[in-house]
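As a plain string of letters, each chain reads:
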Amino acid sequence: SFGFYPLWRRQAIKKISLKSGDRVADLMTGVGECWKPILKKIGPEGQLTALDFSKGMLEKALLRKENYSKYNIEVLRESVFKSSVLPGSQDAVIC
């Protein structure tokens, strides 16, 4: 990707109108590469719900979560199509 993927993530999240305290769902979160710019905007008062079906990816995401101990991050191993994230419960969704 020649380094464009991290840039794309930051630009995409910059365009989302997020504020402190918002609730964000990161669908197909993978290893949590989008978390840093999201958490920067929603702060410790916000809630990040990270969802993926891949056990291997989520194992790495849980390690990443340790770096963000002051933030409210929920990591779920679920399918996007059958998730426990309720409709209308999030201020924003990124995938």
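Before reading on, note that the structure itself is shown above.
Residues numbered from 1 in each chain as written. Predicted model: local features only at pLDDT ≥ 70, side-chain atom pairs only at ≥ 80, totals over all residues. Heavy atoms only, no water.

## Comments concerning the sheet that holds strand β3 (residues 72-77)
Read from one edge of the open sheet, four strands run β3-β2-β1-β4, paired in parallel fashion. Edge positions in the open sheet fall to β3 and β4 (92-94), since each of these has one partner strand only. Direction aside, the axes of adjacent strands within the sheet are offset by 20° on average. Where helix α2 (residues 35-42) meets the sheet, its contacts fall on β1 (23-27), β2 (47-52), β3 and β4, and the angle it forms with β2 comes to roughly 155°. (Pairing = 2+ DSSP bridges. Helix = DSSP H or I, 4+ residues; strand = E, 2+ residues; numbered from the N terminus. Axes fitted to C-alpha atoms, helices over the stretch in contact; angles between N-to-C directions. Contact = heavy atoms within 4.5 Å.)

## Some points on the nonpolar core
Nonpolar side chains tend to gather and get buried jointly when the protein is soluble and globular. Ranked by internal contacts, the top residues of the largest apolar core, which has 17 residues, are Trp35, Ile38, Leu39 and Leu48. Every element with two or more residues in this core is listed here: α2, β2, α3 (55-65) and β4. With four residues, α2 is the single largest residue contributor to this core. (Core = buried A, V, L, I, M, F, W, Y, C linked by side-chain atoms within 4.5 Å. Buried < 20%, exposed > 50% of the residue type's maximum accessible area, 1.4 Å probe, protein only.)

## So, the environment of Val31
By the element assignment, Val31 lies in the loop between β1 and α2. Assessed through its relative accessible area of 16%, Val31 is described here as buried. C-alpha of Val31 to C-alpha of Ser84: the two residues are 53 residues apart in sequence and 20 Å apart in space. Contacts of Val31, omitting those with residues within four sequence positions, involve Met57, Lys60, Ala61 and Arg64.

## What about the side chain of Asp22?
With respect to the element layout, Asp22 can be found in the loop between α1 (4-15) and β1. Here Lys19 takes part through its backbone nitrogen, which lies 2.9 Å from a polar atom of the side chain of Asp22. Contacts of Asp22, omitting those with residues within four sequence positions, involve Ser17, Ile42, Gly46, Gln47 and Asp91. (Polar contact = N/O pair within 3.5 Å; in protein donor to acceptor, adjacent residues only side chain to side chain.)

## Observations regarding the pattern of salt bridges
Here the structure, examined in full by the defined rule, presents one salt bridge. Put simply, Lys19 and Asp22 hold a salt bridge, and the shortest N to O gap is 3.0 Å. (Salt bridge = Lys/Arg side-chain N within 4 Å of Asp/Glu carboxyl O.)

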